[in-house]
Amino acid sequence: MPQRKGLENHTVGSGFILLGFPDHSSLQGLCFTVFLVIYLLILTGNSLIALITVVDSSLHSAMYFFLRNLSILEICYTSVTLPKMLVGFLRADGRISFLGCAAQLYGLVLLGSIECLLLAAMAYDRCIAICDPLHYPLIMSRGLCTRLVVGSWVAVVPVQAGQTYQVFTLPFCASHDLHHFFCDVPPLLELACADTFWNQVMLYTIILLFAILPFSFIVTSYIQIIRAILKIPSGLGRHKAFSTCSSHLGVVTLFYGSATVIYLKPRSKDSVDTDKYLALFYTVVTPMFNPVIYSLRNKEVRIALKSLLWTKS
């Protein structure tokens, strides 16, 4: 029963130490200020996007229903990691309890997987809007949109609960130093004192189901979109059609670009620092730029934001 013993030892133990960015230990105050500003920007920007899609009747289509869910998801996603990181900068203390680490890991993998599925649903929405515009309101009904979002949660919640349980029933070695700024599966498996083969199988199965398959669906959707756009006779029409999905494409590129490199490339001691900086992209940078991308590239969002801010003033 070594696994059970390992679990009991850590439940009453001191937990783990998030090493974060030790090379910048002399810049803790500056890092705290920078990441606090970023966190406030994420909260403000995504809250505004979510708010305008509720109060502005012109933004009650399927596209903005998904955008609202994405914005709320980004707020939750960054709130799993950034507050703990800010406390670490402020106190120069990276300690996190065993249960705290488990909760953080579960929140991270849960919300990350749901975001992958939500981005795929948004790609499907854009594909129907451009390839079959006459039937778009009928196909992308409120009922279907709700089922896609709820279905994502129903599919992901038990699977990621299983993975989290599987990781934290492993016996861990004497070193509790996590070479990361949050609890994640790969660095935790590196600390395990048992065979992690089945953990690796579980990890890559989940990546296949909740990352690679949704990404493949996104790529397929955009192939259909590009084909439909190329059939539009006027240049203005093609530009207008592509502009409706360029924001989504930008978000997909930012999110998948960094996450794919981290989870699919072989881990090595030389790449630990690089992995941490790449992780900043999909946990911090992408949520920060989502509102900017959608407000700059989407005329309806810009108009709604101006209307909301002027009304408030």
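Residues numbered from 1 in each chain as written. Predicted model: local features only at pLDDT ≥ 70, side-chain atom pairs only at ≥ 80, totals over all residues. Heavy atoms only, no water.

With that settled, consider the state of the cysteines. Considering all chains together, one arrives at 2 disulfides under this definition. Across the disulfide, Cys-101 is cross-linked to Cys-183 (sulfur-sulfur distance 2.0 Å). Judged by the sign of its S-S torsion, about -125°, the cystine formed by Cys-101 and Cys-183 is left-handed. One end of the pair, Cys-101, is in helix α4 (residues 98-131); the other, Cys-183, is in the loop between β3 (177-178) and α7 (185-190), and 82 residues separate them in sequence. The residues Cys-101 and Cys-183 share a single accessibility class, namely buried. Across the disulfide, Cys-173 is cross-linked to Cys-193 (sulfur-sulfur distance 1.9 Å). (Disulfide = S-S within 2.5 Å. Helix = DSSP H or I, 4+ residues; strand = E, 2+ residues; numbered from the N terminus. Buried < 20%, exposed > 50% of the residue type's maximum accessible area, 1.4 Å probe, protein only.)

With that settled, the discussion passes to the packing of aromatic side chains. For any pair of aromatic rings, geometry is given as the distance between the ring centres together with the angle between the planes. Counted according to the given criterion, the structure contains 13 aromatic pairs. Geometrically, the ring pair formed by Phe-98 and Phe-168 is edge-to-face, given 5.2 Å between the ring centres and 80° between the ring planes. Pair noted here: Phe-98 is in helix α4 and Phe-168 is in helix α6 (residues 142-168), with a separation of 70 residues, a long-range link. Comparing Phe-98 with Phe-168, the two get one shared label, buried. Where Phe-255 meets Tyr-282, the ring centres are 6.4 Å apart and the plane angle is 85°; that geometry is what we call edge-to-face. Note that Phe-255 is positioned in helix α9 (residues 235-264) and Tyr-282 in helix α10 (residues 272-297), a separation of 27 residues in sequence. (Phe/Tyr/Trp six-rings, centres within 6.5 Å; stacked < 30°, edge-to-face > 60°.)

What follows is about the pattern of salt bridges. If you walk through the whole model with that rule in mind, you get 2 salt bridges. The residue Asp-93 makes a salt bridge to Arg-95 at a minimum N-O spacing of 2.9 Å. A residue is classified by how much of its surface remains accessible, and Arg-95, at 53% relative accessible area, is exposed. A salt bridge links Asp-125 to Arg-126; the nearest nitrogen and oxygen atoms lie 3.0 Å apart. Like Asp-125, the residue Arg-126 is buried in the burial classification. (Salt bridge = Lys/Arg side-chain N within 4 Å of Asp/Glu carboxyl O.)

Our focus in this paragraph is unusual backbone geometry. Positive phi, normally seen in glycine, also occurs at Ala-92, with a value near 55°. In this fold, Ala-92 is placed in the loop between α3 (62-91) and β2 (95-96). Taking relative accessible area as the criterion, Ala-92 reaches 62% and is therefore assigned exposed.

Here α4 crosses α9 at 160°, and the two axes come no closer than 10 Å. Classified by the angle between their axes, α4 and α9 sit roughly antiparallel to one another. Crossing hand, α4 versus α9: left-handed. Counting all contacts with α4, which are made through Gly-112, Glu-115, Cys-116, Leu-119, Met-122, Ala-123, Arg-126 and Ile-130, the residues of α9 involved are Ala-241, Thr-244, Cys-245, His-248, Val-251, Val-252, Phe-255 and Tyr-256. (Axes fitted to C-alpha atoms, helices over the stretch in contact; angles between N-to-C directions. Parallel < 35°, antiparallel > 145°, perpendicular 65-115°, else oblique. Left-handed = near helix turned anticlockwise from the far one by under 90°. Contact = heavy atoms within 4.5 Å.)

Attention now goes to a positive patch on the surface. A cluster of basic residues, Lys-240, Lys-299, Arg-302 and Lys-306, forms a positive patch at the surface. Looking at the positive patch, the element that brings in the most residues is helix α11 (residues 299-312), giving 3 residues. Within the secondary structure layout, Lys-306 lies in helix α11. (Patch = residues over 30% accessible without salt bridge, like charges linked within 9 Å, V, L, I, M, F, W, Y side chains within 5 Å. Areas by Shrake-Rupley, 256 points an atom, 1.4 Å probe, with all protein chains shown as cover. Lys, Arg positive; Asp, Glu negative; His and termini not counted. Charge placed at Lys NZ, Arg CZ, Asp CG, Glu CD.)

Taken together, the side chains of Tyr-204, Leu-208, Leu-209, Ile-212, Leu-213 and Leu-264 make up a nonpolar region of the molecular surface, amounting to roughly 510 Å² of accessible area. Element by element, the count of residues in the nonpolar patch is highest for helix α8 (residues 197-230), at 5 residues. Residue placement: Tyr-204 occurs in helix α8. Judged by relative accessible area, Tyr-204 falls into the partly exposed class, the value being 39%.

Position of Thr-196 relative to the elements: it lies in the loop between α7 and α8. Leaving out residues up to four positions away in the same chain, Thr-196 has contacts with Leu-170 and Leu-189.

What follows concerns the nonpolar core. As a rule of thumb, nonpolar side chains are buried together in soluble globular proteins. Membership of the largest hydrophobic core comes to 95 residues, with the highest contact counts inside it found for Phe-16, Phe-35, Phe-66, Leu-119, Phe-168, Leu-188 and Tyr-282. When residues of this core are assigned to their parent elements, the largest contribution, 21 residues, is made by α4. (Core = buried A, V, L, I, M, F, W, Y, C linked by side-chain atoms within 4.5 Å.)

Relative to the assigned elements, Asp-56 resides in the loop between α2 (28-55) and α3. Within the buried set, Asp-56 has no salt-bridge partner at all; the shortest N-O distance to an opposite charge, 10 Å, is to Arg-68. At 2.5 Å, the side chain of Asp-56 forms a polar contact with the side chain of Ser-58. (Polar contact = N/O pair within 3.5 Å; in protein donor to acceptor, adjacent residues only side chain to side chain.)

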